[in-house]
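The residues making up each chain are set out below.
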Amino acid sequence: MAKFIMVVGTSSNSGKTTIAAGLCRLLANKGYKVAPFKSQNMSLNSRVTKEDGEIAMAQYTQSLASRVEPSVHFNPILLKPKGNFISQVIVHGKVYKDMDYNEYRRNKNFFLKKIKESLEILNKEYDYVVMEGAGSCCEINLLKDDIANLRIAEMVNANAILVADIDRGGVFASIYGTIKLLPKKWRNLIKGIIINKFRGNIDVLKDGIEKIEELTGIPVLGVMPYDENLVLPEEDSQALQNIRSFGNAKSGVEVNVVRFSKISNFTDLDPLRYDALIKFIDFKDDITGDILIFPGSRSSTKEAYYLKENNFDEKILEFLKDGGIVIGICGGYQVLGKKLIDKDFKESDIGSIEGLNIFDAKTYFGNDKVVKNSYGYLSIDNKTFKVCGYEIHEGITYSKEKPLIKIERGFGNCGNGFDGSIKKIGDGLVIGTYFHGIFENYKFRNYIINKIREKKGLEKIEGDLYKDSIEKSLNYFAKVLEKNVDLSQII
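Residues numbered from 1 in each chain as written. Predicted model: local features only at pLDDT ≥ 70, side-chain atom pairs only at ≥ 80, totals over all residues. Heavy atoms only, no water.

Peer 1: A description of the pairing of strand β24 (residues 405-409) should follow, citing residues and the corresponding values.
Peer 2: Each regular strand carries side chains that alternate between the two faces of the sheet. By the bridge criterion, four bridges tie strand β22 (residues 361-380) to β24 in an arrangement that is antiparallel. Residue tyrosine 375 lies in a different strand from β24, and its bridge partner there is arginine 409. The pairing of β24 with strand β25 (residues 418-419) spans two bridges and is antiparallel. Bridge pairing links lysine 406 to phenylalanine 418 in β25. (Pairing = 2+ DSSP bridges. Helix = DSSP H or I, 4+ residues; strand = E, 2+ residues; numbered from the N terminus.)

Peer 1: How would you explain the pairing of strand β10 (residues 159-165) if you had to name every residue and give the values?
Peer 2: Of all the seven residues making up β10, six are buried; the element is thus mostly covered by neighbouring parts of the structure. As judged from the five bridges shared by strand β1 (residues 3-9) and β10, these two strands associate in the parallel manner. In the strand pairing of β10, glycine 9 is matched with valine 163. Note: β10 against strand β11 (residues 190-198), six bridges, orientation parallel. Within β11, the residue paired with alanine 164 across the bridge is isoleucine 195. (Buried < 20%, exposed > 50% of the residue type's maximum accessible area, 1.4 Å probe, protein only.)

Peer 1: If you had to explain the sheet that holds strand β9 (residues 128-132) to someone new, which residues and values would you point to?
Peer 2: An order of β2-β9-β1-β10-β11-β12 is seen for the six strands of this open sheet, with the pairing classed as parallel. Each edge of the open sheet is held by one strand with a lone partner, namely β2 (34-37) and β12 (220-225). Looking at each pair of strands side by side, their axes are set apart by 20° on average, direction ignored. Packed onto the sheet, helix α2 (residues 57-66) meets β2 and β9 and runs at close to 165° relative to β2. (Axes fitted to C-alpha atoms, helices over the stretch in contact; angles between N-to-C directions. Contact = heavy atoms within 4.5 Å.)

Peer 1: I'd love a proper account of the pattern of salt bridges, names of residues and values included.
Peer 2: Any two side chains of opposite charge can pair, so long as their charged atoms come close to each other. In this structure the tally under the stated criterion is 30 salt bridges. Here glutamate 132 and lysine 38 are joined by a salt bridge, their closest N and O atoms 3.3 Å apart. In this pair, glutamate 132 sits in strand β9 while lysine 38 sits in the loop between β2 and β3 (40-42), placing the two residues 94 residues apart along the sequence. The exposure class assigned to glutamate 132 is buried, which follows from its relative accessible area of 2%. Relative accessible area serves as the criterion here: at 5%, lysine 38 is assigned to the buried category. (Salt bridge = Lys/Arg side-chain N within 4 Å of Asp/Glu carboxyl O.)

Peer 1: So what's going on with the sheet that holds β3? Residues and values would help.
Peer 2: Backbone hydrogen bonds are what pair the strands of a sheet, in a parallel or an antiparallel way. Read from one edge to the other, the open sheet built from four strands follows the order β3-β6-β7-β8, with strand pairing classed as mixed. Every interior strand has two partners, whereas the edge strands, β3 and β8 (94-100), have only one. Pairs of neighbouring strands in the sheet enclose a mean axial angle of 25°, with direction left out of account. Direction of pairing for strand β7 (residues 86-91) relative to β8: antiparallel, over a ladder of six bridges. Within β8, the residue paired with isoleucine 90 across the bridge is valine 95.

Peer 1: Any chance you could break down the packing of helix α6 (residues 171-181) against helix α8 (residues 206-216) for me, citing the residues and the numbers?
Peer 2: Running from amino to carboxyl end, α6 crosses α8 at an angle of 10°, the nearest separation of the two axes being 11 Å. With respect to α8, the axis of α6 lies roughly parallel. Here α6 contributes Phe172, Ile175, Tyr176, Ile179 and Lys180 to the contact with α8, which in turn contributes Gly208, Ile209, Ile212, Leu215 and Thr216. Of the residues contributing to the contact of α6 with α8, the split by class is seven nonpolar, two polar and one charged. (Parallel < 35°, antiparallel > 145°, perpendicular 65-115°, else oblique. Nonpolar A, V, L, I, M, F, W, Y, C, P; charged D, E, K, R; others polar.)

Peer 1: An account of helix α10 (residues 312-321) is requested, with residue identities and associated values reported.
Peer 2: Along α10, the positions that sit buried rather than exposed are Phe312, Asp313, Lys315, Ile316, Phe319 and Leu320. On an axial view of α10, the arc spanned by its buried residues comes to 160°, and they lie on one face. In the segment just after α10, glycine 323 is the residue with positive phi, at about 95°. (Arc of directions from axis to C-beta.)

Set out below in structure tokens:
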């Protein structure tokens, strides 16, 4: 039988995801078998599980923290926004249907049943289940239909921790208001409070902590410092809204990423952050970098429309003639073809549209969604690399170009044993693939970066800084959590 801990927040972005990840690693380091859990998540960044199903990026990262293989039961309900208040609803890793909020709310009991099924499985297989809530746990206008917070904690009698973000101000008011607005039966589940993202001298909080404990009857377990050393994959595209660039500005290599209107799985870019400066460009911008990436998108037909409208195909050809490298991933691969064919408007309200005509390829929409953990052998410049990735796509591509990857497991272009396309144009190279996570294969990643570095007379890079950084971040955060928070009342 498992013990259940739930991390809830006074608001969105209070730090629930990282606190939960830290708890997962801390418990795993103590020898426990740990599972992360979030009953309902909303994200366009997802990963593929051992069952070939989808879960949110946050629960995948928490799986890494727990040192367990990701499962659909870690995130039984995933909502992927499509626009106009409609989301694709994923249940136990598979597409259920598209629903608006009202229809989703009316089916609450069905989703609660699926959540309960997952909790029963985890209860049998793990020592601890670290649950994460969503947004604020006391949105009083939504409490009746909330299936992501303390209603779920009540189902398994979990000990709940309330996390409050002091960096945005008003922390004690938000703690007090949250607790007092909760129904008594849920308020009683909260066993402790964590004040998160604090900068400065902790002594200034002493009087406030004593008062909030007196007012609520709930102990403050600790204060977590604001820490920029923790680097974990983001799960929400909102994280990109105010980011123009990130990465290593001293690397000598600049990667431009087209800021798609419906960008998804942008965590594909994270492995590049140590070896390149990553700069987002808009449809109207010029290409200034050495490598140009078209990332994933929730609507590649819309992206193709915007790209064509801004004559981006002409910019690409000039960039390639000058020796640039262009890489399209999933939706970014689809837009590089001749045509995107969506006769039944399954992909968007754009319908069928011409692509950028870089590849002699056509993509057809209307198929069942492909969700696969995939691997194979990638060939480039007479070199071959074993690569793995994950596929999440709703288009099937037929390409007349040289394939990029010979698949050992997966679907790829059209289920014919090959994925992607590769060709040279001028002095440049253009690559397309359905493999998300392609840059997590460090030998391939280093090869691409080193093509640029060699051209610039820079020393070649080696090793896998990205993978090392994730492990270091998780272990580091677990130590910071254990040092600053008294978890003896919870664990």
